[in-house]
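# Observations on chain architecture
What follows is each chain in one-letter form.
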Amino acid sequence: QVQLVESGGGLVQPGGSLRLSCAASGTFFSINGMGWYRQAPGKQRELVAVITVGGTTNYGDSVKGRFTISRDNGKNTVDLQMNSLKPEDTAVYYCNANARRFWNSKWSDYWGQGTQVTVSS
């Protein structure tokens, strides 16, 4: 099984910054893409940012230019640096990893438990 543990959420004022971290642990053969998604109350879960094992990134339109995703393949971690935060960034942020448990397993998506980010004055 693959466990993803997030940290770094909290309350921040508009214009402020937060850094989210996610660490993968457990039994797995390899991890492909890692990323962050978010879900605000009454809304669907949406892409925030993803990064491939080679470092290619993709961002949701609403966070481009403000958020930066990075990963450490050796440590199986992925971080999200969030700057210039806005009230509309308020949501539960979920870490995601696309991984396979064994060399001949199918690729599957795994999710963290989520961490709350609240942007408010």
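Conventions used here
- Residues numbered from 1 in each chain as written.
- Predicted model: local features only at pLDDT ≥ 70, side-chain atom pairs only at ≥ 80, totals over all residues.
- Heavy atoms only, no water.
- Phe/Tyr/Trp six-rings, centres within 6.5 Å; stacked < 30°, edge-to-face > 60°.
- Helix = DSSP H or I, 4+ residues; strand = E, 2+ residues; numbered from the N terminus.
- Buried < 20%, exposed > 50% of the residue type's maximum accessible area, 1.4 Å probe, protein only.
- Pairing = 2+ DSSP bridges.
- Axes fitted to C-alpha atoms, helices over the stretch in contact; angles between N-to-C directions.
- Patch = residues over 30% accessible without salt bridge, like charges linked within 9 Å, V, L, I, M, F, W, Y side chains within 5 Å.
- Areas by Shrake-Rupley, 256 points an atom, 1.4 Å probe, with all protein chains shown as cover.
- Salt bridge = Lys/Arg side-chain N within 4 Å of Asp/Glu carboxyl O.
- Core = buried A, V, L, I, M, F, W, Y, C linked by side-chain atoms within 4.5 Å.
- Contact = heavy atoms within 4.5 Å.
- Disulfide = S-S within 2.5 Å.

Taken as a whole and judged by the stated rule, the model has 1 aromatic pair. Centre to centre, the rings of Tyr37 and Trp111 are 5.2 Å apart; their planes meet at 70°, and the pair counts as edge-to-face. Of this pair, Tyr37 sits in strand β4 (residues 30–39) while Trp111 is found in strand β10 (residues 108–111), placing the two residues 74 residues apart along the sequence. The class for Trp111 is partly exposed, based on a relative accessible area of 37%.

This paragraph deals with the sheet that holds strand β3 (residues 18–26). Hydrogen bonds along the backbone pair up the strands of a sheet, which may run parallel or antiparallel. Pairing within the open sheet is antiparallel, and its 4 strands lie in the order β1-β3-β8-β7. The open sheet has two edge strands, β1 (2–7) and β7 (67–72), and neither has a second partner. Strand-to-strand twist in this sheet, taken as the mean axis angle between neighbours without regard to direction, amounts to 15°. Relative to strand β8 (residues 77–82), β3 runs antiparallel, the two sharing 6 bridges. Paired with Ala23 across the two strands is Thr77, which belongs to β8.

So, on to a nonpolar patch on the surface. Residues Phe29, Phe102 and Trp103 make up a contiguous nonpolar surface patch of about 390 Å² in total accessible area. Structurally, Phe102 is set in the loop between β9 (91–100) and β10.

In this structure, Trp36, Leu80, Met82 and Tyr93 are the most contacted members of the largest nonpolar core, which totals 30 residues. Contributing elements (two or more residues each) for this core: β1, β3, β4, β5 (46–51), β7, β8, β9 and β11 (115–119). It is β9 that provides the largest number of residues to this core, a total of 5 residues. Every residue in contact with Leu80, bar those within four places of it in the chain, is listed here: Leu18, Arg19, Leu20, Trp36, Val48, Ala49, Phe67, Thr68, Ile69 and Tyr93.

On to the pairing of β10, then. Side-chain alternation along β10 places Ser108 and Tyr110 on a buried face and Asp109 and Trp111 on a face that remains uncovered. Note: β9 against β10, 4 bridges, orientation antiparallel. Counted as the bridge partner of Ala97 is Tyr110 from β10.

Looking now at the state of the cysteines. For the structure shown, the criterion picks out 1 disulfide. Here Cys22 engages in a disulfide with Cys95; their sulfurs sit 2.0 Å apart. One quick way to see it: the torsion about the S-S bond of Cys22 and Cys95 is about -85°, and its sign makes the bridge left-handed. A residue pair is termed long-range when its members are at least 10 positions apart, and Cys22 in strand β3 and Cys95 in strand β9 qualify at 73 residues. Residue Cys22 shares its accessibility class with Cys95, and that shared class is buried.

Moving on to unusual backbone geometry. Peptide bonds are trans in most cases, and residues, glycine excluded, mostly fall at negative phi. You will see that Asn76, though not glycine, has its phi angle at about 55°, which is positive. Checked against the element boundaries, Asn76 lands in the loop between β7 and β8. Phi at Ser84 is positive, roughly 50°, even though this residue is not glycine. Relative to the assigned elements, Ser84 resides in the loop between β8 and β9. Take Ser84: its relative accessible area is 42%, and that puts it in the partly exposed class.

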